[in-house]
Amino acid sequence: MANSFVQYTADATTQSFAVTFPVLSTSEIVVFKNGVQVPSAELTVSTVHISFVGYFPLFGDIIRIVRVTDLATRAVDFQAGSMIREIDLDTSAQQVFNAVQEIKDNVDLALKQDYQGNLDALNKRIINVADPVDNTDATNKQWVNTAAASTLAAANQAVIDAQTIKDQLTNLSIVFVGIQQNVAGSVSYDAATGVATFSIPEGPQGPTGPTGATGSIGSTGPTGAAGPTGPTGPTGPKGDDGDTGPAGPTGLQGAVGAQGPTGSQGLTGLTGPTGNTGPQGPVGSQGPTGNQGPTGAQGNMGATPLGLAFGRMQVTSAGILQMEYYGDADDNDFSINSSGELTVTTV
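Values in this document were obtained by computation on a predicted structure and should not be read as measured data.

Definitions and cut-offs
Residues numbered from 1 in each chain as written. Predicted model: local features only at pLDDT ≥ 70, side-chain atom pairs only at ≥ 80, totals over all residues. Heavy atoms only, no water. Helix = DSSP H or I, 4+ residues; strand = E, 2+ residues; numbered from the N terminus. Rg over C-alpha atoms; globule rule 2.2 N^0.38 Å. Buried < 20%, exposed > 50% of the residue type's maximum accessible area, 1.4 Å probe, protein only. Contact = heavy atoms within 4.5 Å. Phe/Tyr/Trp six-rings, centres within 6.5 Å; stacked < 30°, edge-to-face > 60°. Lys NZ or Arg CZ within 6 Å of the ring centre and 35° of its normal. Salt bridge = Lys/Arg side-chain N within 4 Å of Asp/Glu carboxyl O. Expected span 1.5 Å × (residues − 1). Pairing = 2+ DSSP bridges. Axes fitted to C-alpha atoms, helices over the stretch in contact; angles between N-to-C directions.

**Q** Honestly, the overall build of the protein chain in this entry has me stumped. Any pointers?
**A** Looking only at helices and strands, the protein chain features 2 helices and 16 strands. Since a compact globule built from 347 residues should have a radius of gyration of about 20 Å, the 63 Å found for the protein chain marks it as more spread out than a globular shape. A buried classification covers 12% of the 347 residues belonging to the protein chain. Put simply, of all contacts in the protein chain between residues at least 6 apart along the chain, 43% involve residues at least 24 apart.

Right, dumping it as structure tokens:
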């Protein structure tokens, strides 16, 4: 797993992508789309995510977010006699730690050597390879295609040339020409006509030999092919009509036709007598309980087994305290002391 970059495949509906690694500053975040750096004007960048401004990356676009630590300037520059704080130590160490992570990620992405020292591309393409110079150089697909095409063209031309020579030998015509005895013989070939001419000196003509006996008459040759058919003659007169033939079988019944339109409704008949009353239906479910009525006025105080019990108390608009009590007491047993407290004296 990479420590300094994260890669996404766009789905055409996502505009914001998470930053999954720590950064000291948003200036250290670089975004690539399909291998091309995205201008900062097209991005909104924070330490936790980046967003494309005004558009969504297309479906299948490769979005890579990379951290590039600033190695030209130290994040913290300690001064002699200054206070050393934990945050400054952490920031300084984080800058170095981030740089080491980026180096490791770049090493992990580089070509590896197997146990025999051979470079292993791990099934990845190697791009931007130059044309080869020496026989042992690596090459690129374009150079191979060009070289293969050139070799194929030469091979095709060789096939054409070989076929031409083959056709010339196959279609060779030989002509013998007699020349005078004192002239040297020769051979010539005309490639345009395919004729080879052999010029051969003739020897002296010998005496004429006796005439041979007449041969027997040969057998008759095969009959020749029939000649072409002559033109058709004129049509003869029309003959009498023949007897009527028997009637053919009855054909299959045709499909049923579409239904005609519905006729108008007839007059309504007389109303019949009223039927007997049906049985009473089941009792319906009970309706909801009605709202509770208002609370009635409070009644008088009831009897009590206590010697003295108090009920309602109120102060009138004139400032008079009124109370309800029940028991062995009269009005003279009630008094208010100097502290404003109500006291009751009972025997």
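That shown, we press on.
**Q** What exactly am I supposed to notice about the packing of aromatic side chains here?
**A** Two aromatic rings are characterised by how far apart their centres lie and by the angle between their planes. By the definition in use, this model includes 3 aromatic pairs. Between Phe17 and Phe52 the ring centres are 6.1 Å apart and the planes differ by 85 degrees, which places this aromatic pair in the edge-to-face class. Taken together, the residues Phe17 in strand S2 (residues 16-18) and Phe52 in strand S6 (residues 49-52) connect sequence positions 35 residues apart. Considering the side-chain rings of Phe52 and Tyr55, the 5.5 Å spacing of their centres and the 65 degrees angle between planes classify their relative orientation as edge-to-face. Owing to a relative accessible area of 2%, Phe52 belongs among the buried residues under this scheme. By relative accessible area, Tyr55 is classed as partly exposed at 24%. Cluster of aromatic residues (ring-pair linked, three or more members): Tyr8, Phe17, Phe52 and Tyr55. A cation over a ring is seen here: Arg64 above Phe5, with NZ or CZ 4.4 Å from the ring centre.

**Q** For this particular structure, what's the right way to read the pattern of salt bridges?
**A** Enumeration over the complete set of coordinates arrives at 3 salt bridges. For Asp88, the salt bridge is made with Arg85, and the minimal N-O distance between the two is 3.0 Å. Its salt-bridge partner being Lys104, residue Asp108 comes within 2.9 Å of it at the nearest N-O pair. Of the two residues, Asp108 and Lys104 both sit in helix H1 (residues 86-109), 4 residues apart, roughly one turn of that helix.

**Q** Would you explain H1 in this entry?
**A** Helical geometry note: an α-helix holds 3.6 residues per turn, so side chains three or four residues apart project in the same direction. Between its terminal C-alpha atoms H1 stretches 34 Å, which fits the 34 Å expected from 24 residues at 1.5 Å a residue. The complete set of buried residues in H1 reads Asp88, Ser92, Gln95, Asn98, Ala99, Gln101, Glu102 and Asp105. Summarising the contacts, the buried residues of H1 are in contact with strand S1 (5-9) and strand S7 (62-67).

**Q** What should I look at first to understand unusual backbone geometry in this one?
**A** Peptide bonds are trans in most cases, and residues, glycine excluded, mostly fall at negative phi. Even without being a glycine, Asn34 presents a positive backbone phi close to 55 degrees. Mapped onto the fold, Asn34 is located in the loop between strand S3 (29-33) and strand S4 (36-37). Residue Asn34 is classed as partly exposed on the basis of its relative accessible area, which comes to 45%. The backbone phi angle of Asn128 is positive, close to 60 degrees, even though this residue is not glycine. Within the secondary structure, Asn128 is located in the loop between strand S9 (119-120) and helix H2 (141-170).

**Q** I would appreciate a short explanation of the sheet that holds S6 in the present structure.
**A** Within a sheet, each strand pairs with its neighbour through backbone hydrogen bonds, oriented either parallel or antiparallel. Across the sheet, which stays open at both edges, the 3 strands sit in the order S2-S6-S5 with antiparallel pairing between neighbours. Only two strands of the sheet have a single partner each, and these edge strands are S2 and strand S5 (43-45). Sheet twist, expressed as the average angle between the axes of neighbouring strands with direction ignored, equals 20 degrees. The sheet contact formed by S2 and S6 spans 3 bridges and is antiparallel. Bridge pairing links Phe17 to Ile50 in S6.

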